[in-house]
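Chain by chain, the residues:
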Amino acid sequence: MMKGSLKSAMEEIASAIKANKDYLTDLDREIGDADHGINMARGFDAVMAKLNSAEPADLSSGLRQVALTLISTVGGASGPLYGTAFLRAGKTVRQGDMLNPKLALSMFRAAVDGVEERGKAEEGDKTMVDALEPAYRAFEDTLKSGGDFPECLEAARDAAKKGVEYTKTIPAKKGRASYLGERSIGHQDPGATSVWIILNALLQYAQKIHKEQ
Amino acid sequence: MMKGSLKSAMEEIASAIKANKDYLTDLDREIGDADHGINMARGFDAVMAKLNSAEPADLSSGLRQVALTLISTVGGASGPLYGTAFLRAGKTVRQGDMLNPKLALSMFRAAVDGVEERGKAEEGDKTMVDALEPAYRAFEDTLKSGGDFPECLEAARDAAKKGVEYTKTIPAKKGRASYLGERSIGHQDPGATSVWIILNALLQYAQKIHKEQ
Amino acid sequence: MKKIINHPADVVDEMLDGMVYAYPQYVRRLEGLNVLTRTKAPTEKVALVSGGGSGHEPAHGGYVGRGMLDAAVAGAVFTSPTPDQIYEAVKAVNGGRGVLLIIKNYTGDVLNFEMAAEMADAEGIRVEKVVVNDDVAVENSTFTSGRRGIAGTLFVHKIAGAKAESGGTLDEVKAVAEKVIANVRSMGMAISPCTVPEAGKPSFVLKENEMEIGMGIHGEPGIQREPIQTADRIADRLLEKIFDDLRLSPGDETAVLINGLGATPLMELFIMNRRVAEVFAGKGIKIVKTYVGNGMTSLEMGGCSISVLKLDDELKQLLGAPAETPAFVQF
Amino acid sequence: MKKIINHPADVVDEMLDGMVYAYPQYVRRLEGLNVLTRTKAPTEKVALVSGGGSGHEPAHGGYVGRGMLDAAVAGAVFTSPTPDQIYEAVKAVNGGRGVLLIIKNYTGDVLNFEMAAEMADAEGIRVEKVVVNDDVAVENSTFTSGRRGIAGTLFVHKIAGAKAESGGTLDEVKAVAEKVIANVRSMGMAISPCTVPEAGKPSFVLKENEMEIGMGIHGEPGIQREPIQTADRIADRLLEKIFDDLRLSPGDETAVLINGLGATPLMELFIMNRRVAEVFAGKGIKIVKTYVGNGMTSLEMGGCSISVLKLDDELKQLLGAPAETPAFVQF
Ligand SMILES: Nc1ncnc2c1ncn2[C@@H]1O[C@H](COP(=O)(O)OP(=O)(O)O)[C@@H](O)[C@H]1O
Ligand SMILES: Nc1ncnc2c1ncn2[C@@H]1O[C@H](COP(=O)(O)OP(=O)(O)O)[C@@H](O)[C@H]1O
Ligand SMILES: [Mg+2]
Ligand SMILES: [Mg+2]
Ligand SMILES: [Mg+2]
Ligand SMILES: [Mg+2]
């Protein structure tokens, strides 16, 4: 990902979110208020507008811009949560740092910690944490056993997908779906799903960059 | 109709109106406010309740009771109009009068005059007048050429039916349907239709009485 | 038909009880009648009586109170009340200075109120009447029933009510009511129908892309069915017809009512109002006061109407006067 | 989807402009933001800021004015507003005596308001918050997000607003808001869905004979779907759950809000209120004040909620205090 840029990575995410806007909204209609796709699409549209208007100086300030834009445009539960994730990831990067798998791992950890601190959810509550935590562990394990960046991301994405599937089997304890209690069982969590979509987009992006090198 | 009673005549009308409640309401839905059948059924239900609670002393006071009951229960345009019709018909009868075709003719005229004075509609305005006026003329003609009571009523009913058909061909100038202007063409006037239903009920009644005699 | 009711035949009776339970400080119900009067009957003032079919809530009972009506008579849903009920209302609120009947121009209302007036007259009660006909959707002609009365009627209640409250005579109150009627115009539209409880099915059916222009407030069809347009185009459309009929010049002062028909989110009424305000600003016509809300509804019909009242100093002052009723409070 | 709007993405922006055009005497809009504040900013009082997703009109902008809120922040439809907007609202209305945030208990609202509070805190503005959770449909548990905030929130606006207006300190205003929250319970139901403009299709689908019990105000499913019942049974059903949670004894004084969700005719709300009043009378519980209307809606959803607030002398006095806002006037 050395030759990559934050902007092109975010482009990949933004277009994946856009393509899945209705899908995410439909999932949220089942157990929420039918806006998750709309919220995320609005946010990532704004992120792209921001990054297109002035490319950030470095990764750290770029991630901060992404975070603040998400915070000020997404709203709902997912806005502060994704915003905090990007903000914390950005804080992990020092000025001039180049992205590498090890840095990515600590960024990932910081992001997940941020989401959990803000949202006070843990695994099994049927939230985005159910995709984030297993994804982080898979990333970590793959890195430890010598995997490269795309391999780490692939493992993370696949673990996130399993987490998404898992959310179907449990009742929600946090977020809007928790009001449904047992009735939420059988439905897939929209936020966990958007985590998986984002990781998949990052993987697509990493694979492209990898090939080019 | 000598052996008949106002109460049994009204019973015939009331049951005919009840049977056609939805039909009249549906007609009113097309070019009005979907209540003509409901209004008429409410009124004639009340009339029957009234007559059942105490049979009136004579035809004159009976008709007055029918009129006041209709006025106080039907509402809308048809309430005051039918109420006035029965009130005027009742005023034509002197105490102790027995019903006969000649008396019926003057009652009929008084009723039609009452409707026209109250409603200020004339033939061709697409109202109950379009059934009433031809029905009156047919009654009069048949009586003049020696017809008996059932024959007069049959002619009146058939003429009313023609009047109902005629209302389909003209735009409304009075009543709620007039707001539709040309759009009311093609639709049948509910009030003219209830006139026809009432005349038909009276005919059924007269034929029964006639047979019994 | 899906409604939060008990039995269709009981809706008016139960609604009136529910109103009295909610607002005992403003209204009470005449025993055995479908008539609401003020809880504290004022003496020594001209009394105002209005009413009509039910289903237009908060009209008319919601406007009974200080500065507006003295009594409201409720008919069956969308059916004019009967003369006996109106007559009882007149008797109950007549304080000796006469009674003004405010009637919306529908054959049924006119005939029933007329009969009630004749009954009151026979008892020596002085009764005058005004007939509101603000709906420009309907062509006016001396050969027809004329225009309908719709939401603009609320301006008559408010302004005639203020005049009566301030001690005006019956002739003065009637005169100012007539002045409002001469200066108020309305027009409505609908995107979805309503269902009369006793009828059980919708009064009309619109396709997914259709709206009805010139809609009345009883589910009667409007003057034209056409593809639905944007809020801005709808506002332009309604205003155009209103301006055709109510000549306004730059600098004129007006009051505006954006009225919801029952199922229209307030959000949409405000979006309509935005356009209305901009059109007025563009023409240099002043809006002194705007009212937005469900003032005169048509059960759960989706749609709205715009009413415009041209003001002079007298109307402006009376419109701004205090009022305190279940549905309208202004100080 | 059939709506009287222009473009789905513009509804909030245009609605806010429409509100300001309608009520310039009460509200103005902070330039470039989705924030309405009072036109005449009071100084020297604790400021109240509330808000939430749009689509609940007249909440929340309709409650900005004397005796209630100082600012309302509007998010996208059914989506909590973002922290930057809330923060700007706080800055705009802070008069030096501190700001109370009135938040409905939804994860999104709580998180966004929390972040705004942190931002204000960093600027040295004293901010406190209360979280309203009146909806008894949702089981409370420390392991979950807890109960939702719905229409009972209006009592918090009213009473905390009156306390602030009367010169209460931030701690006092917060304390009385907490007292209202501890004493108000609500529960709702729906018979027809709503459609978020940008989503374009209904948030749920009910069969012709079905209702949803325990409905929220964002089109989120309720706790149970079941055959529709009479108004009386529905009222009993909602009250039962409320009484399970809010212990009331004969002689207790309460205030009641029968809230329409957007498309429910006032007629039906009054029919509900009739039953509610009778149930309370049967239990010997006093209703000091009843409010009936569309106070906190869910776009064009059909349905209603009942809120019951248990009063003490302080709450009663503050509830009765004057207020003057676009959607609520009381003197
Ligand atoms: N407390 C929480 N911690 C982590 N994630 C949460 C929490 N609450 C909600 N979420 C996530 O947010 C998603 C919903 O986001 P969104 O629909 O945009 O917001 P809202 O629920 O406010 O409408 C849920 O599917 C869930 O994954
Ligand atoms: N001015 C009038 N003169 C005679 N008949 C009239 C007049 N206006 C209305 N009608 C009759 O009344 C009928 C409608 O009655 P109804 O539906 O009960 O009252 P409303 O129109 O008040 O709802 C019309 O079909 C018409 O025949
Ligand atoms: Mg959502
Ligand atoms: Mg009719
Ligand atoms: Mg009618
Ligand atoms: Mg949301």
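Residues numbered from 1 in each chain as written. Chains lettered and ligands numbered in written order. Predicted model: local features only at pLDDT ≥ 70, side-chain atom pairs only at ≥ 80, totals over all residues. Heavy atoms only, no water.

The name recorded for chain C in an unreviewed UniProt entry is phosphoenolpyruvate--glycerone phosphotransferase, from Caproicibacter fermentans. Its UniProt record gives chain C the following Subunit (unreviewed entry) comment, quoted word for word: "Homodimer. The dihydroxyacetone kinase complex is composed of a homodimer of DhaM, a homodimer of DhaK and the subunit DhaL." Per UniProt, chain C has the following entry under Catalytic activity (unreviewed entry): "dihydroxyacetone + phosphoenolpyruvate = dihydroxyacetone phosphate + pyruvate". (UniProt positions renumbered as here; feature names shortened; annotations may be inferred.)

An unreviewed UniProt entry lists chain A under the name phosphoenolpyruvate--glycerone phosphotransferase, with Caproicibacter fermentans given as the organism. On record in UniProt, under Pathway (unreviewed entry), the comment for chain A is "Polyol metabolism; glycerol degradation." Here chain A is described in UniProt, under the heading Function (unreviewed entry), as follows: "ADP-binding subunit of the dihydroxyacetone kinase, which is responsible for the phosphoenolpyruvate (PEP)-dependent phosphorylation of dihydroxyacetone. DhaL-ADP is converted to DhaL-ATP via a phosphoryl group transfer from DhaM and transmits it to dihydroxyacetone binds to DhaK."

Observations concerning the arrangement of the chains
Taking contact number as the criterion, the leading pair out of 3 pairs of chains in contact is chains C and D. Left apart from each other, chain A and chain C have a closest C-alpha approach of 18 Å. Between chain B and chain D there is no contact; the minimum C-alpha to C-alpha separation amounts to 18 Å. (Contact = heavy atoms within 4.5 Å.)

Focus: the interface of chain C and chain D
The partner chain D presents 57 residues to the 57 residues of chain C that form the contact. Together chain C and chain D conceal approximately 4,700 Å² of surface at their shared face, both sides included; 64% is due to carbon and sulfur atoms. It is C:Lys2, C:Ile4 and C:Met267 that lose the most area in chain C upon contact with chain D, and together they represent 20% of the buried surface on that side. Put simply, chain C and chain D have 2 salt bridges between them. The salt bridge partner of D:Arg274 is C:Glu14, with a shortest N-O separation of 3.8 Å. Across the contact surface, chain C and chain D share 22 residue pairs in polar contact (both at pLDDT 80 or more). Those elements that place two or more of their residues in the side of chain C that touches chain D are helix 1 (11-22), strand 7 (184-192), helix 6 (231-245), helix 7 (266-283), strand 11 (286-293) and strand 12 (302-310) of chain C. Residue composition of the side of chain C that touches chain D, by class: 30 nonpolar, 13 polar and 14 charged. (Buried area = accessible area lost by both parts, 1.4 Å probe. Salt bridge = Lys/Arg side-chain N within 4 Å of Asp/Glu carboxyl O. Polar contact = N/O pair within 3.5 Å; in protein donor to acceptor, adjacent residues only side chain to side chain. Helix = DSSP H or I, 4+ residues; strand = E, 2+ residues; numbered from the N terminus. Nonpolar A, V, L, I, M, F, W, Y, C, P; charged D, E, K, R; others polar.)

Looking at the pairing of strand 7 of chain C
The side chains of a regular strand alternate between the sheet's two faces. Residue and element names in this part refer to chain C. The element strand 7 is extensively covered by neighbouring structure, given that 8 of its 9 residues are classed as buried. Sheet topology places strand 7 next to strand 12; 8 bridges connect them, and they run antiparallel. Across the sheet, Met-187 pairs through a bridge with Ile-306, a residue of strand 12. As paired strands, strand 7 and strand 8 (residues 210-213) are joined by 2 bridges and run antiparallel to one another. Bridging from a neighbouring strand, Ala-190 pairs with Glu-212 of strand 8. (Buried < 20%, exposed > 50% of the residue type's maximum accessible area, 1.4 Å probe, protein only. Pairing = 2+ DSSP bridges.)

Overview of the pattern of salt bridges
The final tally for this structure, using the stated rule, is 94 salt bridges over all chains. The salt bridge involving D:Lys201 is made with A:Asp26; its shortest N-O contact spans 3.5 Å. You can see D:Lys201 sitting in the loop between strand 7 (184-192) and strand 8 (210-213) and its partner A:Asp26 sitting in helix 2 (residues 21-31), one on each of two chains. Overall, A:Asp26 belongs to the partly exposed group, its relative accessible area being 28%. Residue D:Asp17 pairs with D:Arg29 through a salt bridge whose shortest N-O separation is 3.0 Å. Placement of D:Asp17 in helix 1 (residues 11-22) and of D:Arg29 in strand 1 (residues 27-29) is noted, with a sequence separation of 12 residues between them. What makes D:Asp17 partly exposed here is its relative accessible area of 24%.

Remarks on the coordination of the magnesium ion (ligand 3)
Residue and element names in this part refer to chain A. In the first shell of the magnesium ion (ligand 3), the protein supplies Asp-28 (OD), Asp-33 (OD) and Asp-35 (OD), at 2.0 to 2.1 Å from the metal. Taken as an interatomic distance, the gap from the magnesium ion (ligand 3) to the magnesium ion (ligand 6) is 3.5 Å; Asp-33 donates to each of them. Judged by relative accessible area, which is 3%, Asp-33 ranks as buried. (Donors = N, O, S within 2.8 Å, 3.2 Å for Na, K, Ca; no water.)

A look at the relation of the copies chain C and chain D
For the pair chain C and chain D, the best superposition has an RMSD of 0.0 Å and corresponds to a rotation of 180° with a translation of 0.0 Å parallel to the axis. Such values leave the two copies arranged in the relation of a two-fold axis. Within chain C, the C-alpha atom positioned nearest to the axis of rotation is that of C:Ala263, 1.9 Å from it. Of all interface residues in chain C, 100% are interface residues in chain D too; the two copies therefore contact each other through one and the same surface. (Least-squares fit on C-alpha atoms with pLDDT ≥ 70 in both.)

Quick notes on the interface of chain A and chain D
Contacts between chain A and chain D engage 30 residues on the former and 39 residues on the latter. Together, the buried faces of chain A and chain D total about 2,700 Å²; carbon and sulfur atoms form 53% of this surface. The interface formed by chain A and chain D includes 5 salt bridges. D:Glu118 is the partner of A:Arg118 in a salt bridge, and the nearest nitrogen-oxygen pair spans 2.8 Å. At the surface where chain A touches chain D, the tally comes to 13 residue pairs in polar contact (both at pLDDT 80 or more). Counting residues per element, the side of chain A that touches chain D draws most heavily on helix 2 of chain A, which supplies 4 residues.

Brief notes about the sheet that holds strand 7 of chain D
All names here are of chain D. Spatial strand order, 9-8-7-12-10-11: 6 strands in an open sheet with mixed pairing. Since the sheet does not close on itself, it has two edges, and those belong to strand 9 (224-227) and strand 11 (286-293), each with one partner. Between one strand and the next, the sheet's axes are offset by a mean angle of 20°, whatever the strand orientation. Alignment of strand 10 (residues 253-260) against strand 12 (residues 302-310), held across 7 bridges, turns out to be antiparallel. What sits directly across from Ile-258, in strand 12, is Ile-306. Sitting on the sheet, helix 5 (residues 170-183) is in contact with strand 7 and strand 12, with an inclination near 55° to strand 7. Its contacts with the sheet place helix 8 (residues 313-320) against strand 10, strand 11 and strand 12, and it is angled at close to 35° to strand 11. (Axes fitted to C-alpha atoms, helices over the stretch in contact; angles between N-to-C directions.)

Side note on the nonpolar core
Of all hydrophobic cores here, the largest spans 103 residues; its most connected members are C:Met189, C:Met272, C:Ile306, D:Phe155 and D:Leu309. If sequence neighbours within four positions are ignored, D:Phe155 has contacts with D:Val180, D:Val184, D:Ala255, D:Val256, D:Leu257, D:Tyr291, D:Ser307, D:Leu309 and D:Leu319. Of all hydrophobic cores here, the second largest spans 100 residues; its members include C:Ile4, C:Ala151, D:Met267 and D:Ile306. (Core = buried A, V, L, I, M, F, W, Y, C linked by side-chain atoms within 4.5 Å.)

Structural notes on the sheet that holds strand 8 of chain C
All names here are of chain C. Read from one edge to the other, the open sheet built from 6 strands follows the order 9-8-7-12-10-11, with strand pairing classed as mixed. Whereas interior strands pair on both sides, the edge strands pair on one side only; in this sheet they are strand 9 (224-227) and strand 11. Along the sheet, successive strands turn relative to each other by an average axial angle of 20°, direction set aside. Sheet strands in contact with helix 4 (residues 153-165) are strand 7, strand 10 (253-260), strand 11 and strand 12, and its direction is about 125° off that of strand 10.

Some details on the site of ligand 1
Residues and elements named next belong to chain A. With respect to spatial proximity, 21 residues lie near ligand 1, and among them Asp-33, Ala-77, Ser-78, Gly-119 and Asp-189 are the closest. Summarising the interface, the protein chains cover 97% of the accessible area of ligand 1, which totals 570 Å² for the free molecule. A per-element tally of the shell around ligand 1 places helix 9 (residues 190-212) first, with 3 residues. Split into classes, the residues belonging to the shell around ligand 1 amount to 6 nonpolar, 9 polar and 6 charged. (Near = heavy atom within 4 Å. Areas by Shrake-Rupley, 256 points an atom, 1.4 Å probe, with all protein chains shown as cover.)

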